Amino acid sequence: MGVRQTEEMVLNIGPQHPSTHGVLRLKVKTDGEIVTAVTPVIGYLHRCFEKHCENITYEQIIPYVDRCDYIASMNNDFGYVLAMEAMLEIEVPEKVQYIRIIMAEMNRIASHLLALGTFGLDVGAFTPFLYMFRDRERILDLFELTCGARLLYNYMWIGGLSHDIPPGFVEKTYEFLDYFLPQLDEYNNLLTFNKIFIERTADVGILTPDLAINYGVTGPNLRGSGVKWDLRKDESYSIYDRFDFAIPVGTGIKGSVGDSWDRYWVRAEEMRESVKIIRQALDQMPRDGDVREAVPRRIRPPKGAIYSRSETPRGELGFYIISDGKPKPTRVKMRSPAFTALSVLSEISQGWMISDVLAILGSLDIVLGEIDR
Amino acid sequence: MTISWLIDWVNNSWLGFLGVPGAFILAIIVSGLAIFGLVAVHAIVAVYVERKVSAFMQDRIGPMGQGPGLHAGKWGVLQTVADALKLLVKEDIIPAAADRKLFIMAPFILFLGAFIGFIALPFSETLSLANFNVGLFYILAVSSFGIVGLILAGWASNNKWSLYGAMRSAAQIISYEIPAAISLIAVVMLVGSLNMQDITRAQTGIVLGFLPNWFIFQNPFTFLAFFIYFIAGVAETNRTPFDIPEAESELVAGFHTEYSGMRWAFFFLSEYANMFIVCAIATVVFLGGWQSPFGEFLAGPYWGLLWFMGKIIFLVLVMMWFRWTFPRLRVDQLMSVSWKFLLPISFFNLFGVGIWELLSG
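All values reported here derive from a predicted model rather than from experimental measurement.

Conventions adopted
- Residue positions are counted from 1 within each chain, in the order its sequence is given.
- Note on labels: chains are lettered from A, ligands numbered from 1, in written order.
- Totals for whole chains, interfaces and linings use all residues, but because this is a predicted model, local features are given only for residues with pLDDT of at least 70 and pairs of side-chain atoms are given and counted only at 80 or more.
- Think of it this way: any DSSP run of H or I at least four residues long counts as a helix, any run of E at least two long counts as a strand, and we number them from the N terminus.
- Two things to know: the radius of gyration comes from C-alpha atoms, and the globule rule equals 2.2 Å times the number of residues to the power 0.38.
- Think of it as a crowd count around each C-beta: if 20 or more other C-beta atoms lie within 10 Å the residue is buried, if 12 or fewer it is exposed, and in between it is partly exposed, with C-beta placed from the backbone throughout.
- Two residues form a contact once the distance between their C-beta atoms, set from the backbone, is within 7 Å.
- In plain words, the nonpolar core is the set of buried Ala, Val, Leu, Ile, Met, Phe, Trp, Tyr and Cys residues that C-beta atoms within 7 Å link up.
- For two strands to pair, DSSP has to find at least two bridges joining them.
- What pLDDT reports is the predictor's confidence in each residue, on a scale of 0 through 100.
- Only the stretch in contact is used when a helix axis is fitted, and all axes are lines through C-alpha atoms; the angle between N-to-C directions ranges over 0 to 180 degrees.
- Three classes are used: nonpolar for Ala, Val, Leu, Ile, Met, Phe, Trp, Tyr, Cys and Pro, charged for Asp, Glu, Lys and Arg, and polar for all others, with Gly counted as polar.

In this section: the overall build of chain B. For chain B, the count of helices and strands is 14 helices and two strands. The C-alpha atoms of chain B give 21 Å as radius of gyration, which agrees with the globular expectation for 361 residues (21 Å, within 12%). Considered along the principal axes of its C-alpha atoms, chain B spans approximately 65 × 60 × 40 Å. Here chain B, with 361 residues, has 47% of them falling under the buried criterion. Pairs at least 24 residues apart make up 74% of the contacts formed inside chain B by residues separated by at least 6 positions.

This part is about the nonpolar core. All names here are of chain B. If you look at the biggest cluster of nonpolar residues, it comprises 188 residues, and the most contacted ones within it are Tyr229, Ala273, Cys279, Ala282 and Val285. When residues in this core are grouped by element, the largest group, 17 residues, is from helix α12 (residues 261–286). If sequence neighbours within four positions are ignored, Cys279 has contacts with Ile312, Leu315 and Val316.

Here we take up the pairing of strand β6 (residues 304–312) of chain A. All names here are of chain A. Sheet topology note: the β6/strand β7 (residues 315–323) ladder contains nine bridges and is antiparallel. In the strand pairing of β7, Tyr307 is matched with Tyr320. Turn length for the β6-β7 hairpin, with the two strands adjacent in sequence and antiparallel, is two residues.

Below, the discussion takes up the pairing of β7(A). Two strands pair when backbone bridges link them, and β7(A) and strand β8 (residues 331–335) of chain A are joined in this way by five bridges, in the antiparallel orientation. Paired with Gly318(A) across the two strands is Arg335(A), which belongs to β8(A).

Summary statistics for chain B give a mean pLDDT of 82 and a share of 93% for residues scoring 70 or more. Note on the complex model: pTM 0.85, ipTM 0.79.

A few words now on the sheet that holds β6(A). Residues and elements named next belong to chain A. Taken in spatial order, the three strands of this open sheet run β6-β7-β8, and their pairing is antiparallel. The sheet is open, and its two edges are formed by β6 and β8, each paired on a single side. Ignoring which end each strand starts from, the neighbouring axes of this sheet average 15° apart. This element, helix α3 (residues 73–88), spans β6 and β7 of the sheet and lies at about 150° to β6.

On to the interface of chain A and chain B, then. With 27 residues of chain A at the interface, the matching set in chain B holds 22 residues. Secondary structure elements with two or more residues in the side of chain A that touches chain B: β1 (9–13), α4 (94–122), α5 (127–147), α7 (195–201) and α14 (354–364) of chain A. Split into classes, the residues belonging to the side of chain A that touches chain B amount to 14 nonpolar, seven polar and six charged.

This is the structure in structure tokens:
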């Protein structure tokens, strides 16, 4: 009999794999089913976003921003135009402010639906995924009605919007909100409180508050760890201070604080809060006004730099823009929330099984378009 | 109709010139083709039904294109036929690094395990291909034979995903066979026979005034045994929530990652054949086989076939319902369900059946 020996196996998950949410590659070192090390390899979707920005004018950047986090383009646009408006010191009309909030929150719901659906798919639940896609479709229909695009909108312009909301939009949105709230309970019955789903996600991939803060994790992932930090409340931008909404945080109902289930739950509850915000915004919105009123003819910001951040469905999206007075920026740096979320993966998935690593990855809700840029 | 009846019939008809060995071979070929036909038709129908059921559950419409008069017809009823034709003519790919012989053999071994189990099924009072005294034991024995095919497929593909799938699958099937077998033994104890027809005949009549005298209703322990068997059966057929060997979000496609075309179709075929076998055993042992649920009403050899198939189809639909509702368990949770819950309960259950039988005389 020879000498018996065991050996660690390196498993290459991706770049072509059903559940890497884009083209991500994970080098996973496994001891049987147990994972001893995870190394994410990124860059398969790199498109030189930041370098591109240096060669085009400020308003031409917006479509590129769309393509970074393509699941929540409205929120990305919002972040960028906020930065530019602060730089140019533009006062944006009331109506535009409200429409922007409505669009951003609707896109937040759409993004969370996709995040939760694919998370369900990662743990093997197929049906909730399609239910969530069905409802996301209704939001996309509303976007299509407004700006003609279903995924990459180029809707928010510096100082205004590309189109006013079409007639009937407000009624249709109210209709959608009435339809959507009961659906949230259906998802909860089908997936959230399913015994197997809880078994798979509770206590799995615990992200402690300290670890989350040290890595700079933001958004629902941070709030899932019990840290109440949301830019919409804590550093209120645009007109978010006019609305009444809560910030859900993970409390470890099913396991411990910061586990995958908590991250799921925070997103599920955030959709409910977004519905509240949209309803209030629709109620308060002034019905007439020109949305292109404040759009400047010529954009040439003064010399200087600005860092502006906003809360997208994935967390804090920051834009650092340097201008030297020319129509093109000298430097645009984007702080990607999904990138920091991915960076904790190798830390929190050690010692779990292969299936758990994919569940944890799903719970972090990354978008590769934004990570690679 | 049994094989021996077929041999006699061949000998006594104008085919008598074939002699006994010729009649034997002819009978084997005819019954083999009949089973293959059943398996293939069942798979084609079940895949179509599964796609439609899942579509309706998920607020979709499912396949609508391929109907009679292709592309123009209704409800896509020929979709799976078209798929099967496509698979038949597809390029046959064998990876360069694969172990050629084993790679080619594996799907057929797996299919064989499911296929030969059909011989002992009592389709109706008079129709079972081979009615022999260890029928139940035989089916359980040959259906665990298929696992060799799974492991071969995983190993021969020379792919890490396949290997993981095969290892998981081997562990899973072995673990779940024990509670499944023990819960079947509970009924075998009551009947005193392993013959499938005997087990079915022991369930004639009415119990509690209105329920059919099936083993699921006969006493509380056999009632429990049915559920243990069915859960273990779902696990043995690798279906959700126990589909970890081919979990597409983790292992791409598990043991059949490298397979394509007709070989892949054989994996598919044996999955559906296994589903049929598992549901057929549950039907025979717990749900009265070909017995009518209404006592003497609509009973008889021909109606029996209908009832038998109807009960199987019902159980298959339940399996589909599971698949499109539940998430998937993790591999260690899967093991603990089997060893920590199902196995102790099934032992307790076996004991309970014995006590019940002793007390009720």
